[in-house]
Amino acid sequence: MMKEKIEKLISEMTLEEKAGLCSGKDFWNLKGVERLGVPEVMVTDGPHGLRKQREGADHLGLNASVPATCFPSGAGLAASWDRELLGEVGKALGRETRAYDVAVILGPGVNIKRNPLCGRNFEYFSEDPYLAGEMAVGHINGVQSEGVGTSLKHFAANNQEANRMSVDTVVDERTLREIYLPAFETAVKKAQPWTVMCAYNKLNGTYASEHKWLLTDILKEEWGHEGLVVTDWGAINERVDALEAGLELEMPASSGINDAKIVAAVKAGEMDEAVLDRSVYRILHMIFKYVKTKEEREALDVEKVLAEDHEVAMKTALETFVLLKNEENQLPLKKEGTIAFIGAFAEKPRYQGGGSSHINPSRMDSALTEARNLLGDSAEILYAPGYDPASSDVDEALIEEAKEAARKADKAVLFIGLTDSFESEGFDRTHLGIPESHSRLVEEISAINPDVTVVLSNGSPIEMPWLNKVPAVLETYLGGQAWGGAVVRLLFGDANPSGKLPETFPLRLQDNTSHLNFPGDENTVEYREGIFVGYRGHDALEQEVLFPFGHGLSYTSFEYSDLKLSASEIDENDGLKVELTVTNTGSVAGKEIVQIYVRDEESSVQRPVKELKQFGKVELQPGESRTLSFELDRRSFAFWHPRLSGWRVESGDFTILAGASSRDIRQTATVRVNAAPWTDVVYQRSTRLGQIKDHPVVGEKAKEMISFMSAQFSAPDMEEAERLMMESMIAEMPLKSVISFTAGQLLNEEQLVQMLETLNS
Ligand code: BGC
């Protein structure tokens, strides 16, 4: 129905109308075609709240927007590792998008946290592509269940803010396929976002906005994306090239300049009008999907929606905080005595990040007010700001006042972290430190009152040189508008923390494998660390970290047992079921996030020590046990073969690791995976004897050559080391060299050609 209607519309549109539809009317609205009944629709940010501006439009989050619910930002959402919860958040976002008559909310962002300094890490989910992809699926399906669209961004390899609108990201295909593309791939395949937003940057020399391989070959053809591709705001380079590459919608408006270029290209016969029609089809399809929503669904009452969504924001915040350290059960705090809340964030929370995602919250809870409400007369809360939240300079008078409060109190809670001038869209951090005014507080207060808990508000990892001076640290990321209520409930044990880190907190910035190539020079950044991003890098280098990927504590404890695999040997396409029992061995209810990693025990290419391939979250009462079940598929075992350009599984043993974090592996089991032989390997004159010695047809001949040469080069009194060296050198011998080394006795030119023919047939 929709298809015919749209095709008819396209046939009735003039060339100018069609070209016009391919760019915005203004900052946030698409054009309509009034005479044909095509309405104007609005798209707007995103991702963790709706930023609808009525006037004063900008993509920097500067001008006012309508009240909307501010959910925890991407980093926190991913710390929940909770697919269902992401779905609920998405649904709430979708409701607000619909209530405010917006067709598409611009998010989620699934760019990989390549380096902890990226200014926008707070908006993104993870350093791990599997976790990022799963979170995006929940988010997108939730939003779109409300009949409005999402914009999966920023496609692709947009992992820094330095030179963000122009930098050329240089990255090899295996790294793209294994690290930077899979979150997009999963989201597209499992959730079909209405739109995908192309990144500002270039990828291997071509702007993402005009990258045909990326936008058409991979996104549309390989992954089957049915929606449209929109530019990031202002990401267009050559409009016609972009259209031909598969970029449908340019945002914001180009004042008609680029529309005219499209018209001219068609008129001059430089671009087939069918290319334009295809693009218009996808744009109209999106517009009419939204029209259908408006026709079929009842209008929503904004006030009511916002009131309900605050509760969703609260529920969400509770799941996103990560208990990093809790020595001798410092937390939860008892609801008694005198407690000093120190740090301006207790009163003026830092609950969201700066830039285009910055929204106007419908309500704001402070930890101070929430604590006073929760505790009533049972405990006294003292408050001292300790620092000026708008400045990173130490204010001695504020420090003295804070020390005074700490002296008077039985215990202290310190609210510190990063300020907007330390991390934001638009620039990267230069170090992992927090403002000196915050770190000084930790030093001063912990010296006076060792009974101190640190509550962190920051969107990305920080260093903690003071860590051993405090018994407890609660990471709250940027927790959204219900942050205050959630913090207080967790601090005083009305709820139990269950979040786990979706990223590594390194000990030192220099330990991150991208350190030498971040953010590159003014034109280019080369991802030379390849696939060894985040824990994949720290594991390979066997580095100590501050807190590992996947880490997070609870007020209870969990035991893992009975890891079982559905088979001890499988074929690569069989799939494998992994079962595991988790028991709550503590005295309060809690949730545990179980992580399933896979390790390839032997491989012809370098592979990570382990990779996350599944996870699950389970709620357990004290003493309760449950068996969790996970499915691993072919991709869980595969790598992207750099030369054969495809996902390959190599026969051999794989270890399945069940962990409470990437560095707290509790159970392991082994499976043998049998893969079909690769029939498309191209053998050459440089192919080595060792590579073909097990080949079903020519293997015998290869072995014969190896033993012949071994005999030739062997001496009876050879030492073990010499024998070892000789054997390795023979296995390393390329076929072409066998001819000269054996003076053609074992292999001559003709035989070599014949052998290669057999191998390649
Ligand atoms: C950001 C996008 C955002 C857009 C619109 C751009 O600068 O990179 O994430 O959606 O502006 O505000």
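No experiment lies behind these values; they were computed from the predicted model shown. (Residues numbered from 1 in each chain as written. Predicted model: local features only at pLDDT ≥ 70, side-chain atom pairs only at ≥ 80, totals over all residues. Heavy atoms only, no water.)

**Describing helix α6 (residues 173-180)**
Consideration 1: Most of α6 sits inside the fold, with seven of its eight residues counted as buried.
Consideration 2: For α6, the complete set of buried residues consists of R174, T175, L176, R177, E178, I179 and Y180.
Consideration 3: Structurally, the start of α6 carries an N-cap: the backbone nitrogen of R174 is 3.1 Å from a side-chain oxygen of D172. (Buried < 20%, exposed > 50% of the residue type's maximum accessible area, 1.4 Å probe, protein only. Helix = DSSP H or I, 4+ residues; strand = E, 2+ residues; numbered from the N terminus. Polar contact = N/O pair within 3.5 Å; in protein donor to acceptor, adjacent residues only side chain to side chain.)

**Describing the domain arrangement of the protein chain**
Consideration 1: Structurally, the protein chain comprises domain 1 (16-290), domain 2 (304-525), domain 3 (558-674) and domain 4 (689-760).
Consideration 2: Taking the mean C-alpha position of each, domain 1 and domain 4 sit 55 Å from one another. (Domains from an automatic or database assignment.)

**Here's the deal with the site of the ligand**
Consideration 1: What surrounds the ligand is a group of 15 residues, the closest being D45, R120, H154, Y200 and D232.
Consideration 2: Contact distances for the ligand include 2.6 Å between an oxygen atom and a side-chain N or O atom of R120.
Consideration 3: A distance of 2.6 Å separates an oxygen atom of the ligand from a polar side-chain atom of D232.
Consideration 4: Split by residue class, the shell around the ligand holds five nonpolar, three polar and seven charged. (Near = heavy atom within 4 Å. Nonpolar A, V, L, I, M, F, W, Y, C, P; charged D, E, K, R; others polar.)

**What to know about the state of the cysteines**
Consideration 1: In the structure shown here, the tally under the stated rule is zero disulfides.
Consideration 2: Note on C70: no disulfide assigned, nearest cysteine sulfur contributed by C118 at a separation of 19 Å.
Consideration 3: Considering cysteine sulfurs only, C198 is the nearest to C118, which forms no disulfide, with 17 Å between them.
Consideration 4: Assessed through its relative accessible area of 2%, C118 is described here as buried. (Disulfide = S-S within 2.5 Å.)

**Re the pattern of salt bridges**
Close approach of charged atoms allows side chains with opposite charge to pair.
Consideration 1: The final tally for this structure, using the stated rule, is 68 salt bridges.
Consideration 2: Note that K469 and E443 form a salt bridge whose closest N and O atoms lie 2.6 Å from each other. Highlighted residues: K469 in the loop between β15 (452-457) and β16 (472-475) and E443 in helix α15 (residues 436-448), separated in sequence by 26 residues.
Consideration 3: Given the relative accessible area of 30%, E443 is considered partly exposed.
Consideration 4: Linked by salt bridges that have partners in common, R120, E123, E161, R164 and E425 make up one network. (Salt bridge = Lys/Arg side-chain N within 4 Å of Asp/Glu carboxyl O.)

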